[in-house]
Amino acid sequence: MWRELWTLAARAARGSCRLCTRQSSGAPAFGSGATIFALSSGQGRCGIAVIRTSGPASSHALQSLTAPRDLPPARSASLRLLSDPHTGEPLDRALVLWFPGPQSFTGEDCVEFHVHGGPAVVSGVLQALGSVPGLRPAEAGEFTRRAFAHGKLSLTEVEGLADLIHAETEAQRRQALRQLDGELGQLCHSWAETLTKALAHVEAYIDFGEDDNLEEGVLEQADSQVQGLVVSLDAHLRDARRGQRLRSGAHVVVTGPPNAGKSSLVNLLSQKPVSIVSPEPGTTRDVLEIPVDLAGFPALLSDTAGLREGVGPVEQEGVRRARERLEQADLILAVLDASDLASPSSCSFLDTVVALLGAQSQRLLLVLNKSDLLPSAGLGPGPNLPPHLLLSCLTREGLDGLLEALKKELAVVCGDPSTGPPLLTRARHRHHLQGCLDALGHYKQTRDLALAAEALRIARRHLTHLTGGGGTEEVLDIIFRDFCVGK
Amino acid sequence: MFSFRRCGHRVAISLTKQYLPFAGLSRDSAAPCSPHFDVVVVGGGHAGTEAAAAAARCGSRTLLLTHRVDTIGEARQMSCNPSFGGIGKGHLMREVDALDGLCSRICDQSGVHYKVLNRRKGPAVWGLRAQIDRKLYKQNMQKEILNTPLLTVREGAVEDLILAEPEPEHTGKCRVSGVVLVDGSTVYAESVILTTGTFLRGMIVIGLEMHPAGRLGDQPSMGLAQTLERLGFVVGRLKTGTPPRIAKETINFSILNKQTPDNPSIPFSFVNETVWIKPEDQLPCYLTHTNPRVDKIVLENLHLNSHVKETTRGPRYCPSIESKVLRFPNRVHQVWLEPEGMDSDLIYPQGLSVTLPAELQEKMIMCIRGLENAKMTQPGYGVQYDYLDPRQITPSLETHLVQRLFFAGQINGTTGYEEAAAQGVIAGINASLRVSRKPPFIVSRTEGYIGVLIDDLTTLGTCEPYRMFTSRVEFRLSLRPDNADSRLTFRGYKEAGCVSQQRYERASWMKSSLEEGISVLKSIEFSSSKWKKLIPQASISTARSLPVRALDVLKYEEVDMELLAKAIPESLKKYTKCRELAERLKIEATYESVVIHQLQEIKEVQRDEALQLPKDLDYLTIRDVSLSHEVREKLHFSRPQTIGAASRIPGVTPAAIINLLRFVKTTQQRQGAMNKLPQTDEYLRDTDKLQEREL
């Protein structure tokens, strides 16, 4: 059974807490024994999606999904029927390519699955891969990093790697924020908290159980906490409802001071009256979401409350939600009233919000609306403006320019495979929750306490991969808070 | 000149020759009357004795400077408990022993109460521990130290360091070339190890009284502390404490819980089959508890207790009875009554560390069950002392600032004998290797608790006295007390030369016997129903139809080698003849599958650790790397030696790591190209090799 547990360990997160020293920076190891997989084509509209694996278990993964056929000839495309290795349920008829290392992109054994791009197919294949022993979802930039580790990238090619990883990490952070925003996120956090506490208590029992007087029942308490976790994880994984639905597409958030015409822009872009528009500031108070097609890319357009202070509680909440939404955005459309640039609300918006978002290197398009109200000479000698687009929602003047700019930005955002098609995020989520659950099962089975604690460590590693954190110091803090130990 | 972010006082002034006593004085121009050694060790506590002996074992002419020869082997403050080992600490003892260190062997000659803690929790977390006879330990340690070849011991207090121009091929502002004693005499040295414990500006606190912690009539070394500060070392302050001592004959043991020692005793040292004092001759320990009356005395007299009020960082754990009462009120706390030795009439009440005024301590003691008529022979007290931020030293324990200057023990912010001894051995080995211009001997955190200890200290620093816990260790199931020799002895023998031939051969025999035993156990396969017949005691599941290996059967809790050998005597009998071998085979079986997978992870970590960062990298100014200012400062202060260590510094991002990696690779290739310009073929092959090794 320990063999199984350790397969789980190998599948467990390798990132932030692989070496659980305090809050480590989370740089994953270079090169690795584990086999990773990811959707490597972008999330823009495409007929074919490419899913890639790298690592020693690649051939096994290929054979598991196409069983019982032999490996196809190296480096040539073959048509195969993919099916789930556990249920036998057919997934898709796909082109598969087998690249034995070292002649592959990463230098390791690699497999590519070219599947039909529908979300159900991609999600099915990702989930099937996640259930193959030895496979886990790739970390940000991990394919490239492996290629680098195996000398497959020249130094000039690597120039952009750090930026790429930075971007991917950022994208994943935003994706995780979106997901952790809701009920599911709160669940994960509470699970991680319970598990860390149970682990701390078991660790305390190991390190201090004989010398210091811990209260009675420390282990029993940990056992019952673990039992509770098992029940709720199991229920969650069985629940067919997926909870908060994650929508596909780039998240585009429209923001600006009150009455700049944000809702008008949303209505214009979505070609239907989604938001109520009125000349009164503060008309939009909640976040309104609408899936749209922007310049050929799937996007989720959010209309938010105008950012201002000192208004009623409902609008305040709307402003808070608006700010939260900004954090999670892939692209921000900042809207200002072109005829009102000198007003305090416009200035403060430019100074604080636009400058701040720029500093956080979030993608942003500054749109000056109501250009129809401008004098024919155009913009006067106003404040020092960053690059911007002029638009009139009323006359539609400047719309083509805006769509062109949107197309450019979205191509970058959607072309990056890790901006997390929610399918992948969901697959990762399930993978880690299942891993956590399996490890907890092993905790209950073992009598050697060092082995039991190891099972909890693995389980926690899975969870903290979804929630962040997870250092040894956190455990020690709980130990010293809950127990009187020390001599 | 330096950028420091930490609390603690410091004087960072620019370092110019006028501040360097004897600056520029190389050893060639040294006065002929001044003695010259390879390694000088300052301090004769646990770190100092291990360091001196290790340096001498490695072949360096070594001088141990201590206040008084007759206190060698004695914790300087007498402040600590008379016991060695424990959970996590026992692991360190085994590792020190695997490197042929002293403390485990000396303990086995001096232990008066042996007990393995965590017996029922799994062999990976067993805690070997023993109460030690203070007098015997001191005698045996002195005998060992005074008879170590190449090791000279001399009395003397060190007041200052002699500094010289730095070696250009290494980083550091200057190089240490000797020490100045209080009497003004000098000793020249190639390497110097400071193990001054709590001696740097140490202050003893009882109640509201406070006085310098030097030996009676002896000021603690202000000169040395000032020199270190002047050099720019960041200094912090920590506190610790000790319980009062109680006269043995005044305790009513008859009403207390008695704890008898293990029989047989498990020795600390791999080279000992048994310990010197037989289990039946060993002494018992007793357990008593505090009560609400103790809490009341503590709480009512907080105003008389400056140690407790002081802001100096104490640990998060509760070393003193005051912190226990304050943080966990209305609870009963354990007090272990531990013997100080075979013929000692003192008892050490572990768990009763206290800094109340003496008369209140006595009153408090007499509230405790069994101690109603107890006589206090010496009050407990607190100690506050300077430590040097350990992020200023490398994993070889050499300082970044001053070449060839090493720090070991409490000076680095640790607490405990074992933590001190572990650092002592590593400092001693590396001071010696430095003299002979060999590469440093570094234990990785994948190889031992020593590695975890030093890596934590040097990359993360510490704000409280650092104590070893097994929960700090990621690869706890692989780094066990039973296998410390196979992890470290061979490296110690080959790379450091600190291990005796005899120990090396013993470890080699054990290793080959284990390997042979495991392969035999793997080769024996029967059906589960046959196993059930052979070993009816074991609850072997017959659900599996595949044949089961003997090694898998040995994993069952109720099966040991003895039982297995009875079932299959012809092939297994021979492995039960050596008790240690039989036990180790059982432990190997228990963790077999886990360890195989942990090895994978260990390899990944080691790959990162093989990626060396240049030592002379100036993180604040390097241009070819894009790093944020915050990351630069962090790297500048901790000076990680490998990509692995850098990635463990909080706040250093994955992107920063990649940038660093790229920088290192570019530098390497440039250097490789320069070294190998003429032979293109060879150059190509060499870079291949380089990549293989580095990645």
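Since this is a predicted model, take the numbers as computed values, not measurements. (Residues numbered from 1 in each chain as written. Chains lettered and ligands numbered in written order. Predicted model: local features only at pLDDT ≥ 70, side-chain atom pairs only at ≥ 80, totals over all residues. Heavy atoms only, no water.)

**Q** So what exactly am I meant to see when it comes to the overall build of chain B here?
**A** Summing up its helical and strand segments, chain B has 22 helices and 23 strands in all. Scored against the burial criterion, the 695 residues of chain B give a buried share of 64%. For chain B, the proportion of contacts with a sequence separation of at least 24, taken over those separated by at least 6, is 73%. Of the roughly 26,200 Å² of accessible surface on chain B, 53% is carried by carbon and sulfur atoms. (Helix = DSSP H or I, 4+ residues; strand = E, 2+ residues; numbered from the N terminus. Buried < 20%, exposed > 50% of the residue type's maximum accessible area, 1.4 Å probe, protein only. Contact = heavy atoms within 4.5 Å. Areas by Shrake-Rupley, 256 points an atom, 1.4 Å probe, with all protein chains shown as cover.)

**Q** Please clarify how the overall build of chain A should be interpreted in this entry.
**A** Secondary structure assignment for chain A yields 15 helices and 12 strands. When the 487 residues of chain A are sorted by exposure, 58% land in the buried category. About 19,400 Å² of surface is accessible on chain A, with carbon and sulfur atoms providing 53% of the total.

**Q** What should I look at first to understand the sheet that holds strand β14 (residues 257–259) of chain B in this one?
**A** Hydrogen bonds along the backbone pair up the strands of a sheet, which may run parallel or antiparallel. Residues and elements named next belong to chain B. Spatially, 6 strands are ordered β14-β15-β16-β17-β13-β18 in an open sheet, and the strand pairing comes out antiparallel. The two strands at the open ends of the sheet, each matched to only one other strand, are β14 and β18 (376–378). Within the sheet, the average angular offset between the axes of one strand and its neighbour, ignoring direction, is 35 degrees. Two elements, strand β13 (residues 245–247) and β18, share 2 bridges in a ladder whose sense is antiparallel. In the sheet register, Ile246 faces β18, and the bridge partner there is Met376. (Pairing = 2+ DSSP bridges. Axes fitted to C-alpha atoms, helices over the stretch in contact; angles between N-to-C directions.)

**Q** What is the right way to read the sheet that holds strand β7 (residues 250–255) of chain A from this model?
**A** All names here are of chain A. One open sheet holds the 6 strands; their spatial order is β8-β9-β7-β10-β11-β12, and the pairing between them is mixed. The sheet terminates laterally at β8 (288–294) and β12 (389–390), the two strands that pair on one side only. As paired strands, strand β10 (residues 331–337) and strand β11 (residues 363–369) are joined by 7 bridges and run parallel to one another. In the strand pairing of β11, Leu333 is matched with Leu365. Sitting on the sheet, helix α9 (residues 262–270) touches β7, β8, β9 (297–303) and β10, and the angle it makes with β9 is about 155 degrees. Most of the contacts of helix α10 (residues 313–328) go to β7, to which it runs at about 140 degrees, and overall it touches β7, β8, β9 and β10.

**Q** Would you explain empty space enclosed by the protein in this entry?
**A** Leftover empty space is mapped by rolling, across the atoms, a probe with the size of a water molecule. Residue and element names in this part refer to chain B. Evaluation of the coordinates by the stated rule reveals 13 cavities of 30 Å³ or more. The calculated volume of the second largest cavity comes to roughly 280 Å³. If you go around the second largest cavity, you meet 20 residues; those closest to its centre are Arg94, Ile266, Arg579, Glu580 and Glu583. For the lining of the second largest cavity, the leading source of residues is helix α18 (residues 579–609), giving 5 residues. The class makeup of the residues in the lining of the second largest cavity is 9 nonpolar, 2 polar and 9 charged. (1 Å grid on protein atoms, 1.4 Å probe; cavity = no way out; pocket = protein on both sides within 12 Å on 5 of 7 lines; lining within 4 Å. Points joined across faces, edges and corners; volume = space filled by probe spheres on them. Nonpolar A, V, L, I, M, F, W, Y, C, P; charged D, E, K, R; others polar.)

**Q** Looking at this model, I keep getting lost on the packing of aromatic side chains. Mind explaining?
**A** Describing an aromatic ring pair means giving the distance of the ring centres and the angle of the ring planes. Considering all chains together, one arrives at 11 aromatic pairs over all chains under this definition. What links up through ring pairs into an aromatic cluster is the set Phe208 and Phe480 of chain A together with Phe469 of chain B. Taking the ring centre of Tyr205 of chain A as reference, the NZ or CZ of Lys121 of chain B above it sits at 4.1 Å. Its end group placed over the ring of Phe441 of chain B, Arg491 of chain B keeps NZ or CZ at 4.5 Å from the ring centre. (Phe/Tyr/Trp six-rings, centres within 6.5 Å; stacked < 30°, edge-to-face > 60°. Lys NZ or Arg CZ within 6 Å of the ring centre and 35° of its normal.)

**Q** Would you take a moment to explain the confidence of the model for chain A for this structure?
**A** All names here are of chain A. Per-residue confidence for chain A averages 77 on the pLDDT scale, and 77% of its residues sit at or above 70. Within chain A, the lowest mean pLDDT, 43, falls on helix α1 (residues 2–11), and the highest, 91, falls on strand β5 (residues 110–116). Of the regions scoring below 50 in pLDDT, residues 417–421 engages in 16 contacts with residues more than four places distant in sequence or in other chains. (pLDDT = per-residue confidence, 0-100.)

**Q** Sorry, what's going on with helix α4 (residues 134–146) of chain B here?
**A** Because an α-helix completes one turn every 3.6 residues, residues spaced three or four positions apart along the sequence face the same direction. Look at α4 of chain B: 18 Å from first C-alpha to last across 13 residues, which is about the 18 Å you get at 1.5 Å a residue. The N-cap of α4 of chain B, judged by a side-chain oxygen 2.9 Å from the amide nitrogen of Lys135 of chain B a few residues on, is Asp133 of chain B. (Expected span 1.5 Å × (residues − 1). Polar contact = N/O pair within 3.5 Å; in protein donor to acceptor, adjacent residues only side chain to side chain.)

**Q** How should the environment of His150 of chain A be read in this particular structure?
**A** Residues and elements named next belong to chain A. Among the secondary structure elements, His150 is positioned in the loop between α4 (142–149) and α5 (155–159). Taking the C-alpha atoms as reference, His150 lies 6.7 Å from Thr106; in sequence the two are 44 residues apart. Contact partners of His150, with chain neighbours within four places excluded, come to Thr106, Gly107 and Glu108.

**Q** Where do I start with the environment of Leu635 of chain B in this structure?
**A** Residue and element names in this part refer to chain B. Looking at the secondary structure, you find Leu635 in helix α19 (residues 629–638). Residue classification places Leu635 among the buried residues on the basis of a relative accessible area of 0%. Remark: the alpha-carbon pair of Leu635 and Gly351, spanning 284 residues in sequence, is separated by 40 Å.

**Q** Sorry, what's going on with the side chain of Asp485 of chain B here?
**A** Residues and elements named next belong to chain B. Along the chain, the position of Asp485 falls in helix α12 (residues 484–496). On the basis of relative accessibility, which here comes to 5%, the residue Asp485 falls in the buried class. Asp485 has contacts with Ala98, Phe270, Phe490, Ala507, Met510 and Arg584, leaving out every residue within four places of it along the chain.

**Q** I would appreciate a short explanation of the nonpolar core in the present structure.
**A** The nonpolar side chains of a soluble globular protein tend to be buried, and buried together. Formed by 157 residues in total, the largest nonpolar core has its most connected members in Leu440 and Ile479 of chain A together with Val40, Val179 and Leu405 of chain B. In this structure Ile479 of chain A touches Ala200, Glu203, Ala204, Phe208 and Val485 of chain A together with Ser471 of chain B, once residues within four positions along its chain are discounted. Leu521, Ala550, Leu564 and Cys578 of chain B belong to the second largest nonpolar core, which has 29 residues in total. (Core = buried A, V, L, I, M, F, W, Y, C linked by side-chain atoms within 4.5 Å.)

**Q** When you look at unusual backbone geometry in this model, what are you seeing that I'm missing?
**A** Of all residues except glycine, most have a negative phi; of all peptide bonds, most are trans. The linkage connecting Gly101 of chain A with the following residue, Pro102 of chain A, adopts the cis geometry, with an omega of 0 degrees. Note on placement: Pro102 of chain A falls in the loop between β4 (90–99) and β5. A cis amide bond, omega 5 degrees, links Asn263 of chain B with the succeeding residue Pro264 of chain B. Its location among the elements puts Pro264 of chain B in the loop between β14 and β15 (285–289). Backbone geometry at Arg396 of chain A places phi at a positive 65 degrees, although glycine is not the residue there. Note on placement: Arg396 of chain A falls in the loop between β12 and α12 (399–415). With a relative accessible area of 52%, Arg396 of chain A lands in the exposed category. One non-glycine residue, Arg404 of chain B, adopts positive backbone phi at about 65 degrees.

**Q** Got a minute to help me understand helix α9 (residues 358–365) of chain B in this structure?
**A** Residues and elements named next belong to chain B. Listing the buried residues of α9 in full gives Leu360, Gln361, Met364 and Ile365. For α9, the buried positions fall inside an angular range of 140 degrees around the axis, keeping them on one side. For α9, the exposed residues lying more than 90 degrees away from the buried face are Glu359 and Lys363. Where α9 is buried, its residues contact β10 (203–206), β13, α6 (292–300), α8 (321–327) and β18. (Arc of directions from axis to C-beta.)

**Q** Explain the packing of α12 of chain B against helix α13 (residues 501–523) of chain B here, please?
**A** What describes two packed helices is the angle between their axes and the distance between those same axes. Residue and element names in this part refer to chain B. Orientation of α12 relative to α13, taken along the N-to-C sense of each, is 140 degrees, at an axis distance of 10 Å. Here α12 lies oblique to α13, going by the angle between them. Note that α12 runs across α13; the crossing there is left-handed. Of the residues in α13, those touching α12 at Asp485, Thr489, Phe490, Tyr493 and Lys494 are Gln501, Arg503, Tyr504, Ala507, Ser508, Met510 and Lys511. A class-by-class count of the residues in the contact of α12 with α13 yields 5 nonpolar, 3 polar and 4 charged. (Parallel < 35°, antiparallel > 145°, perpendicular 65-115°, else oblique. Left-handed = near helix turned anticlockwise from the far one by under 90°.)

**Q** Which parts of the structure should I look at to understand the state of the cysteines?
**A** Formally, a disulfide is one covalent bond, and it connects the sulfur atom of one cysteine to the sulfur atom of another. In this structure the tally under the stated criterion is 0 disulfides over all chains. Take Cys188 of chain A: it sits in no disulfide, and the sulfur closest to it among the cysteines is that of Cys436 of chain A, at 9.3 Å. With relative accessibility at 0%, the residue Cys188 of chain A sits in the buried group. Left without a disulfide partner, Cys285 of chain B is nearest to the cysteine sulfur of Cys107 of chain B, which lies 14 Å away. (Disulfide = S-S within 2.5 Å.)

**Q** Looking at this model, I keep getting lost on the pairing of β4 of chain A. Mind explaining?
**A** Residues in a regular strand project their side chains so that they alternate between the two faces of the sheet. Residues and elements named next belong to chain A. With 7 of 10 residues buried, β4 lies mostly within the body of the structure. Hairpin connection of strand β3 (residues 78–83) to β4: 6 residues between the antiparallel strands, including Gly88 at a positive phi of 75 degrees. Pairing analysis gives 5 bridges linking β4 to β5, with the strands arranged antiparallel. In the sheet register, Phe99 faces β5, and the bridge partner there is Cys110.

**Q** What is the right way to look at the pattern of salt bridges in this model?
**A** Two side chains that carry opposite charge are able to pair once their charged atoms sit near each other. All names here are of chain B. Across all of its chains, the model carries 58 salt bridges over all chains by this definition. A salt bridge links Arg437 to Glu167, with the shortest nitrogen-to-oxygen separation between them at 3.7 Å. Here the residue Arg437 occupies a position in the loop between α10 (417–435) and α11 (449–460), and Glu167 occupies one in the loop between β7 (158–164) and β8 (174–181), the gap between them amounting to 270 residues. Among the residues examined, Glu167 registers a relative accessible area of 9% and is labelled buried. When salt bridges that share partners are traced, they join Glu167, Glu169, Glu190, Glu398, Arg404, Arg434 and Arg437 into one network. (Salt bridge = Lys/Arg side-chain N within 4 Å of Asp/Glu carboxyl O.)

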